Amino acid sequence: VAEPMQLGEGGYGLNYGVSIPAIRAIAGRVGTDHAFARFLYRQDVRELRMAALTIADPVSVTPDNVDEWFVGRMPEELIEELALRLLSRCGRPVLDTLCGRWLRAGSGAERYAALMALARARVQEFDAAAVVEGRNTGGRTKFVPPLASFVRYSSAPEERNAIGERPTYCLK
């Protein structure tokens, strides 16, 4: 598993090929420790960077320090984990920063991360509202995040292939 990942996605300095669910389970036992998560994330080891995203405290991520989580080599799986495990849980000020900074002026990979984080955060907000109002969603959510306003930031032809066509799928 590790060798194809290193060859196909820009790789990591070191990659043991441990599955993401196993990494999450092990990191979940540590609890929240933002300083330790920041230390782990600076290492060029796939499993440590993935574990850091579970250990990090979303409350400690601010608009001023959000960019420190998008450094070094950023394979697609790490971008997705960053968006879904950390950035989407950071709160409105960080999400507004992602929208303002990464969607408008970021690289293709930063735009992809911002779109994923914003979409995940909006789905979480929708589910919470349904629970509070006592509506039965039947385990399904038909909510579609309002991404139409972001199309102009992500559909430039030169950016479309920067991260494997994924932003195009998000916008359909």
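Keep in mind the model is a prediction, meaning the values are calculated, not measured.

Caption draft 1: Representation of the nonpolar core. Counting 39 residues, the largest nonpolar core has Tyr 41, Trp 69, Phe 70, Leu 82, Leu 86 and Leu 98 as its most contacted members. Listing elements by their share of this core, those giving two or more residues are helix H2 (20–28), helix H3 (34–41), helix H4 (46–55), helix H5 (76–86), helix H6 (92–105) and helix H7 (108–132). The element contributing the most residues to this core is H7, with 9 residues. Sequence-distant contacts of Phe 70, defined by excluding residues within four places in its chain, comprise Ile 79, Leu 82, Trp 102, Ala 109, Glu 110 and Ala 113.

Caption draft 2: Looking closely at the pattern of salt bridges. Applying the stated criterion to the full structure yields 7 salt bridges. Here Arg 24 and Glu 81 are joined by a salt bridge, their closest N and O atoms 2.7 Å apart. Highlighted residues: Arg 24 in helix H2 and Glu 81 in helix H5, separated in sequence by 57 residues. You can call Arg 24 partly exposed: its relative accessible area is 30%. Of the charged contacts, one joins Arg 92 and Asp 96 as a salt bridge, the two residues approaching to 3.6 Å between their closest N and O atoms. Here Asp 96 and Arg 92 lie together in helix H6, a separation of 4 residues that amounts to about one turn. With a relative accessible area of 40%, Arg 92 lands in the partly exposed category. Several salt bridges converge on common partners, so that one network encompasses Arg 24, Glu 81 and Arg 85.

Caption draft 3: Representation of the side chain of His 34 in the model. Structurally, His 34 can be placed in helix H3. Judged by relative accessible area, His 34 falls into the buried class, the value being 13%. Setting aside residues up to four positions removed in sequence, His 34 forms contacts with Ile 55, Ala 56, Asp 57, Ser 60, Val 61 and Trp 69.

Rules used throughout
Residues numbered from 1 in each chain as written. Predicted model: local features only at pLDDT ≥ 70, side-chain atom pairs only at ≥ 80, totals over all residues. Heavy atoms only, no water. Core = buried A, V, L, I, M, F, W, Y, C linked by side-chain atoms within 4.5 Å. Buried < 20%, exposed > 50% of the residue type's maximum accessible area, 1.4 Å probe, protein only. Helix = DSSP H or I, 4+ residues; strand = E, 2+ residues; numbered from the N terminus. Contact = heavy atoms within 4.5 Å. Salt bridge = Lys/Arg side-chain N within 4 Å of Asp/Glu carboxyl O.

Remember, this is a structural readout, not a statement about activity or role.
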